[in-house]
Amino acid sequence: MSAYVVLARKWRPAQFKDIVGQGPVVRTLMNAIQAQRIHQAYLFTGSRGIGKTSIARIFAKAVRCPNVSVGEAGLQSCDNCPSCREIAAGNSVDVIEIDGASNNGVDAIREIRENAKYLPSSGTRKIYIIDEVHMLTTAAFNALLKTLEEPPSHVIFIFATTEPHKIPATILSRCQRFDFKRVTASQIQGRITEVCTAEGLKAEPAALALIARAAEGSMRDALSILDQVIAFSGQKISLEGTRESIGVIGSQATLGILKGILGRAPLDALSLANAAYEQGHDLKVLTRSLIEFLYGAILAKVGAQPPAVLETSADEWKEIQALAELRPLEELEIIFQVLHHGIDSVSRSSQPKIVLDILLIKCATADVLISADAVQQTAAPTGSSGLKTATTPSVSTATKPAKTQAEQASTAPPAAATPRTWEGFVESIRKNKPMLATALEYSVAAELPDLTQVQAPVFKIHFSADDSYKRDQLQARAYRDDLDHLAKDYFGRPIVVQVVISENAGESMAAKRDRERKIKENHAREAVFSNPIIREAQALFGGELGPIEITEGNAP
Ligand SMILES: Nc1ncnc2c1ncn2[C@@H]1O[C@H](COP(=O)(O)OP(=O)(O)O)[C@@H](O)[C@H]1O
Ligand SMILES: [Mg+2]
Ligand SMILES: [Zn+2]
């Protein structure tokens, strides 16, 4: 059996037409050769595995080939002459490849300069390909610059680098620069599909799409991943096998865990996650695939088509659709938020397995988070106050509209035996004269005079300077008359109400009510914060606790 040649090497493009992508670079170089307008120095920049070295060799071959031809597929070297064959075999004395990373010193460059003076051993051009050129030392760059300033006419330099910003401007200015682009996923998929066909491999398109995506723009990486998948699953490349071999957790495991979550079966979710963990799967990857499938479930729930990024088979999509039926949309979204927020904790934690387990339990029991009842029972500060909180991402609180104190008071007028107080008076008029009552609420009443002792007692109410506009309101004729009448009715005899502004008026009824409400809210807030369910929800959602409203009376 012959030695296995890795696909990236076996499938190195031999001609311009075999290059995937890089259209502008390829066209410009072909034109330059045809027009015989070849620069003395080229700079190829771009990330790894996108064709820089391949194109440098194809270009060198075409420049030197005496039988170069131009056809429908563009410019082509013959691949048959001694020069073409030597270059293909990597032993041409006139095409010299130098690794700039290991030959980065000034001596190496001096040697190149010496060597470059001599004419090529055959043909008219001598080509130096210096890879990783950014690794050269400053002295080496200076030496190189001297050569570039007065290059022997038979010499062509091609520099390649992933880090062009590290190259001195003096060098850059003497090169024709080409910025290579990452290869798109669909271009990669097209190429590896060709490779599979030529290699006699049977591959599911979805598997190749997954590989193309995983390669992140690098054709070399795509071919290396394909090697890895072949080593794992042999001549038949399935989506499932591909997922497993490149460390993407299998869809069946993911769907199983998701079913445990959505079916409120935390133990199922835990044991499947544990199995994946024992098989050596990365827990962050696992969480990510759960998120992706849940995303699919949410789309299924709203009737969307399977999203392309999921690469699901038709059967898998059916399973996802069935899972989506297990919960209302709202809950699916909340579970999505929990997982999405939790994935960082999984990857950051020194104990990712524990974090993931808790996360799974949270998700599988997410209805507890959504229901307000559980919160209400443990968090209500007093027996009479109802409290409801919705654990949406911005953990805001919702409540039924609170009954105002007024509504309650108006239904409960003071009984006959009750002592007649200023507060009682204000409440008694609220129903029929709400505006007047509201104005009076901002007043502070001194002790009521002994009504039995004085004929026409004068009664002073105070307003603070801030509330002086209330005083002005009360000075209006209509209010005054009302006030006198109503006071007489309530207290059983005429009373002169005097309205004054004072600096230290004291606490008005309105101020007192506000203060008491604040205290209640603070109690409620504390209770909510100390509630373990809310705290967990907050930790998971990362939300803020919104304003709390107290429902007076019995909780709904
Ligand atoms: N644009 C491309 N078209 C086709 N194959 C490519 C392309 N880029 C890279 N490859 C594949 O990846 C391998 C490495 O490419 P290479 O040209 O050495 O990349 P670079 O020099 O940019 O790192 C090649 O042998 C080939 O199999
Ligand atoms: Mg290279
Ligand atoms: Zn040739």
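Our subject is the structure that appears above.
About the cut-offs
- Residues numbered from 1 in each chain as written.
- Chains lettered and ligands numbered in written order.
- Predicted model: local features only at pLDDT ≥ 70, side-chain atom pairs only at ≥ 80, totals over all residues.
- Heavy atoms only, no water.
- Near = heavy atom within 4 Å.
- Polar contact = N/O pair within 3.5 Å; in protein donor to acceptor, adjacent residues only side chain to side chain.
- Areas by Shrake-Rupley, 256 points an atom, 1.4 Å probe, with all protein chains shown as cover.
- Helix = DSSP H or I, 4+ residues; strand = E, 2+ residues; numbered from the N terminus.
- Expected span 1.5 Å × (residues − 1).
- Contact = heavy atoms within 4.5 Å.
- Buried < 20%, exposed > 50% of the residue type's maximum accessible area, 1.4 Å probe, protein only.
- Donors = N, O, S within 2.8 Å, 3.2 Å for Na, K, Ca; no water.
- Tetrahedral: all angles 85-135°; square planar, octahedral: opposite > 155°, others 65-115°.
- Pairing = 2+ DSSP bridges.

S.K.: Just to check I follow, could you spell out the site of ligand 1 for this structure?
M.R.: What surrounds ligand 1 is a group of 18 residues, the closest being Ala8, Val20, Gly49, Thr53 and Ser54. A distance of 2.8 Å separates an oxygen atom of ligand 1 from a polar side-chain atom of threonine 53. At 2.6 Å from an oxygen atom of ligand 1 is found a side-chain nitrogen or oxygen belonging to serine 54. If ligand 1 stood free it would expose 550 Å²; the protein chains cover 97% of that surface. Those elements that place two or more of their residues in the shell around ligand 1 are helix 3 (52-64) and helix 10 (219-233).

S.K.: Would you take a moment to explain helix 13 (residues 266-278) for this structure?
M.R.: Since there are 3.6 residues in each turn of an α-helix, residues three or four apart along the chain are aligned in direction. Here helix 13 contains 13 residues, and its C-alpha end-to-end distance of 18 Å stays within 8% of the 18 Å for a straight helix at 1.5 Å per residue. Summarising the contacts, the buried residues of helix 13 are in contact with helix 12 (251-262), helix 14 (283-301) and helix 17 (352-364). Phi turns positive one or two residues past the end of helix 13, at glycine 280, with a value near 90°.

S.K.: Can you help me understand the environment of lysine 353 in this one?
M.R.: Summarising the element assignment, lysine 353 is placed in helix 17. Residue class for lysine 353 comes out buried when judged on its relative accessible area of 14%. A C-alpha to C-alpha distance of 9.8 Å links lysine 353 and aspartate 282, two positions 71 residues apart in sequence. In contact with lysine 353, not counting residues within four places along its chain, are Asn274, Tyr277 and Leu283. A polar side-chain atom of lysine 353 sits 3.0 Å from a polar atom in the side chain of asparagine 274.

S.K.: Can you walk me through the coordination of the zinc ion (ligand 3) in this structure?
M.R.: Ideal geometry at a metal centre: 109.5 degrees between donors when four sit tetrahedrally, and 90 or 180 degrees when six sit octahedrally. Taken together, the protein ligands of the zinc ion (ligand 3) are Cys65 (SG), Cys78 (SG), Cys81 (SG) and Cys84 (SG), with distances of 2.2 to 2.4 Å. Taken together, the four donor atoms surrounding the zinc ion (ligand 3) define angles of 101 to 122° at the centre, an arrangement classified as tetrahedral. Counting residues between consecutive donors of the zinc ion (ligand 3) along the chain gives the motif C-x12-C-x2-C-x2-C. Highlighted residues: cysteine 65 in the loop between helix 3 and strand 2 (69-71) and cysteine 78 in the loop between strand 3 (74-76) and helix 4 (82-89), separated in sequence by 13 residues.

S.K.: I keep staring at the sheet that holds strand 10 (residues 444-445) and nothing clicks. Help me out?
M.R.: Strand order across the open sheet formed by three strands is 10-11-12, with mixed pairing between neighbours. Looking at the sheet topology across the chains shown, the edges are occupied by strand 10 and strand 12 (496-501). Two strands pair when backbone bridges link them, and strand 11 (residues 458-463) and strand 12 are joined in this way by six bridges, in the parallel orientation. Bridge pairing in strand 12 links phenylalanine 463 to isoleucine 501.

Geometric descriptors of this kind do not, in isolation, establish any biological role.
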